Amino acid sequence: MNLKTENVAVPNKIEAKSIYFDYDGLEILNNINLTVKEGEFVVFMGPSGSGKSTFLRLLTGLAQPKQGEILVNNQSVAKSLPDSSVVFQDYSLFPWLTAEENIILALKQKLKKSKTKKELEQLAQGYLELVQLGHAIKKYPGEMSGGMRQRAAIARALSLGSDLMFMDEPFGALDPVTRINLQDLILQVNREQQRTIVFVTHDAEEAIFLADRIVMFTPGPPGKIAEIIDVPFPKTRNRKQLFESLEFIKFRDYVLSVMNRGVFEKLEESYEVRVGGEGI
Ligand SMILES: Nc1ncnc2c1ncn2[C@@H]1O[C@H](COP(=O)(O)OP(=O)(O)OP(=O)(O)O)[C@@H](O)[C@H]1O
């Protein structure tokens, strides 16, 4: 989606207003403000500990901010849990169910009792074929490779049918080829099914390839938003052409410089504290 070139007013999917969060008094998120449009692909980047996962958790409604408000589809997540699906790095599958059974369980949640067993099996097969796992429907997670498990987890998330997906470093543990295939799949889902995706990664190339906008967090705690960066490359992007272009290399350097700016400031702060304190 290219919000800049489209004249239509795209509705807000998520609005986070003045979000503060702490764990036992230690401030983790400080004054986070973010609006995500319907169908947008937003990527969170930032150093480890900057609060990206914590903020994602708040957006799902599974934890509540200490101050501020989060709206999904104009409804407060504090009042009703938003309809969303979540994919984590650790595959989000039930280990005692086969790939097919994992999907059927999700479908049952979504469709209640409106489908027969046969229909559910056919639907599950379709979702698993979408992620190239049609051959592995009877396999348990323990019998699959990491890449297969993550593909099954994505199929499960897709089968839940929500138009809002939260993905926390979902491809972090995968080999490069599987990672590229899954990046393409998730872009296809974003583009063709107009699902809004909020995605966390440490990888600048992945972020630039996937995102409409990159939300860069400062090193925490507390994490703040350092900058929200529009990705200037029109979609659909050709990976090879993009990665070989000078514009991409310059832009990646810029993204990394925004991240490093915060890291160096944090290091200087801690250095000043140590030099100024009694330890040195
Ligand atoms: N359950 C918890 N109890 C106390 N502190 C926590 C808890 N979960 C996270 N934290 C702290 O909150 C801060 C932010 O953690 P979070 O996992 O959100 O960061 P992140 O940016 O996602 O990091 P990473 O990139 O390493 O995944 C960290 O300092 C972390 O130690």
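Everything here concerns the structure above.
Since this is a predicted model, take the numbers as computed values, not measurements.

Novice: With reference to specific residues and values, describe the overall build of the protein chain.
Specialist: When helices and strands are counted, the protein chain shows eight helices and 10 strands. Against the compact-globule benchmark of 19 Å for 280 residues, the protein chain has a radius of gyration of 20 Å, which places it among compact chains. Taking the principal axes of the C-alpha coordinates as reference, the protein chain spans close to 70 × 45 × 45 Å. When each of the 280 residues of the protein chain is scored for burial, the buried share is 37%. Long-range contacts, defined as pairs at least 24 residues apart, comprise 71% of the intrachain contacts of the protein chain with a sequence gap of at least 6.

Novice: Now, about the packing of helix α3 (residues 117–130) against helix α4 (residues 146–159): what can you tell me, with residues and values included?
Specialist: Remark: α3 packs on α4, axes separated minimally by 9 Å, with the N-to-C direction vectors making an angle of 130°. Considering their axes alone, α3 and α4 lie oblique with respect to each other. In the packing of α3 onto α4, the handedness of the crossing is right-handed. Residues Tyr-127, Leu-128 and Leu-130 of α3 form the contact with α4, whose participating residues are Ala-155, Leu-158 and Ser-159. In terms of residue class, the contact of α3 with α4 is made up of five nonpolar, one polar and no charged.

Novice: Run through the site of the ligand, naming residues and quoting values.
Specialist: Every residue near the ligand is listed here: Tyr-23, Ile-28, Gly-46, Ser-48, Gly-49, Ser-50, Gly-51, Lys-52, Ser-53, Thr-54, Gly-220 and Pro-221. Considering each element in turn, the shell around the ligand owes the most residues, three residues, to helix α1 (residues 52–60). In terms of residue class, the shell around the ligand is made up of three nonpolar, eight polar and one charged.

Novice: Let's hear about the sheet that holds strand β5 (residues 75–76): which residues, and what values?
Specialist: The strands that make up a sheet are held in pairs by hydrogen bonds between backbone atoms, and each pair lies either parallel or antiparallel. Reading across the sheet, the four strands line up as β2-β1-β4-β5 and stay open at both edges, with antiparallel pairing between neighbours. With one partner strand each, in any of the chains shown, β2 (26–37) and β5 form the two edges of the open sheet. As judged from the two bridges shared by strand β4 (residues 67–72) and β5, these two strands associate in the antiparallel manner. Each bridged residue has a counterpart across the sheet, and for Leu-71 the counterpart in β5 is Ser-76. Sheet contacts for α1: β1 (12–23), β2 and β4; angle to β1, the most-contacted strand, approximately 125°.

Novice: Requested: an account of the environment of Gly-25, with residues and values cited.
Specialist: Note on placement: Gly-25 falls in the loop between β1 and β2. Note: C-alpha distance between Gly-25 and Pro-141 (116 residues apart in sequence) is 39 Å.

Novice: I'd like a description of the environment of Phe-199, backed by residues and values.
Specialist: Mapping Phe-199 onto the fold places it in strand β8 (residues 196–200). The class of Phe-199 is buried, set by 26 C-beta atoms lying within 10 Å. Sequence separation between Phe-199 and Leu-187 is 12 residues; the distance between their C-alpha atoms is 11 Å. Those residues in contact with Phe-199 that sit more than four places away from it in its chain are Phe-41, Val-43, Met-167 and Leu-210.

Novice: I'd like a description of unusual backbone geometry, backed by residues and values.
Specialist: Of the consecutive residues Lys-235 and Thr-236, the connecting peptide bond is found in the cis state with omega at 5°. Relative to the helices and strands, Thr-236 is located in the loop between β10 (225–230) and α7 (239–244).

Novice: Kindly report on helix α5 (residues 176–192), identifying the contributing residues and their values.
Specialist: An ideal rise of 1.5 Å per residue puts 24 Å on 17 residues; α5 measures up with 24 Å between its terminal C-alpha atoms. Taken as a whole, α5 has its buried residues at Leu-182, Gln-183, Ile-186 and Asn-190. All buried residues of α5 lie within an arc of 110° about the axis, which places them on one face of the element. Facing away from the buried side of α5 by more than 90 degrees, the exposed set consists of Val-177, Gln-188 and Glu-192. Here the buried face of α5 lies against β3 (41–45), α4, β8 and α6 (204–210). Phi turns positive, to about 50°, at Gln-194, one or two residues after α5.

Novice: With reference to specific residues and values, describe the nonpolar core.
Specialist: Formed by 67 residues in total, the largest nonpolar core has its most connected members in Val-43, Leu-59, Ile-103, Leu-128, Ala-155, Ala-211 and Ile-214. Examining the composition of this core, we find that seven residues originate from one element, α4, more than from any other. Beyond its immediate chain neighbours, meaning those up to four positions away, Val-43 contacts Phe-199, Thr-201, Ala-207, Leu-210, Ala-211 and Ile-214.

Parameters at a glance
- Residues numbered from 1 in each chain as written.
- Predicted model: local features only at pLDDT ≥ 70, side-chain atom pairs only at ≥ 80, totals over all residues.
- Helix = DSSP H or I, 4+ residues; strand = E, 2+ residues; numbered from the N terminus.
- Rg over C-alpha atoms; globule rule 2.2 N^0.38 Å.
- Buried ≥ 20, exposed ≤ 12 C-beta atoms within 10 Å, placed from the backbone.
- Contact = placed C-beta atoms within 7 Å.
- Axes fitted to C-alpha atoms, helices over the stretch in contact; angles between N-to-C directions.
- Parallel < 35°, antiparallel > 145°, perpendicular 65-115°, else oblique.
- Left-handed = near helix turned anticlockwise from the far one by under 90°.
- Nonpolar A, V, L, I, M, F, W, Y, C, P; charged D, E, K, R; others polar.
- Near = placed C-beta within 6 Å.
- Pairing = 2+ DSSP bridges.
- Expected span 1.5 Å × (residues − 1).
- Arc of directions from axis to C-beta.
- Core = buried A, V, L, I, M, F, W, Y, C linked by C-beta atoms within 7 Å.

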